[in-house]
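The chain contents come next:
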Amino acid sequence: MVTVIDYGAGNLQSVTSALGYLGCRTAVTSDPDEIARAGVLVLPGVGAFGECMKKLNASGIAGAIKSAVGRGSYLLGICLGLQLLFDSSDEFGLHDGLGLVRGRVEKLNAGGLKLPHIAWTSIDVNPSSRLMSGIKSGEYFYFVHSYRAIAQDSADEAASAEYGERFTAAVEKGNIFATQFHPEKSGSAGLKLLKNFLFLAHR
């Protein structure tokens, strides 16, 4: 069972559909108690960092996520769900994040390229990444974002990509995993990544 976190700002249908396609049962919830008890969590995200953190904090979901992760639950963040894991973001002001991954989020300097970055873009894979097992550098994934995460510790970076400048495309830190791209919209490569996460979370 995978618990998908609903805080009013996630693309839930595509995520639950992809997990269902892989034969995984899902439960969508906004109940902090259910989230805190869950063994496997997915944090989707669409929208602005500050507004989403406001919702997570006001609802008690932020604390529930930290509690679950602290006791060993597996977490996969997707798109904004990756950025929310970091210490802070300067999107429309300075906002604190969940602080589960050291680093910050800032505006992507696209070097004249169009923002938001909406494109299939290749990634460079950290060969030691468990999340990226069987996925090679040069594989393409689907991105939609205007801000980039910068991991403070390079060991937390499972993959990187470039759009005007280099940015963290995926993170992996113990039982915490996340992708800036949308694996649920990235075809066979995205399904492979989701399979890897499910395998790690349920072994």
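Cut-off values and rules
- Residues numbered from 1 in each chain as written.
- Predicted model: local features only at pLDDT ≥ 70, side-chain atom pairs only at ≥ 80, totals over all residues.
- Heavy atoms only, no water.
- Pairing = 2+ DSSP bridges.
- Helix = DSSP H or I, 4+ residues; strand = E, 2+ residues; numbered from the N terminus.
- Axes fitted to C-alpha atoms, helices over the stretch in contact; angles between N-to-C directions.

Moving on to the sheet that holds strand β5 (residues 86-89). Taken in spatial order, the four strands of this open sheet run β6-β5-β7-β10, and their pairing is mixed. Only two strands of the sheet have a single partner each, and these edge strands are β6 (95-96) and β10 (147-151). Across three bridges, the pairing between β5 and strand β7 (residues 101-107) is parallel. Following the sheet pairing, Ser88 is matched in β7 by Arg104.

With mixed pairing, nine strands are arranged side by side in an open sheet as β2-β1-β3-β4-β13-β12-β11-β8-β9. With partners counted over all chains shown, the strands left at the sheet margins are β2 (26-29) and β9 (140-145), one partner each. Strand-to-strand twist of the sheet, defined as the mean angle between neighbouring strand axes without regard to direction, takes the value 30 degrees. Pairing of strand β1 (residues 2-5) with β2, which is carried by four bridges, proceeds in the parallel orientation.

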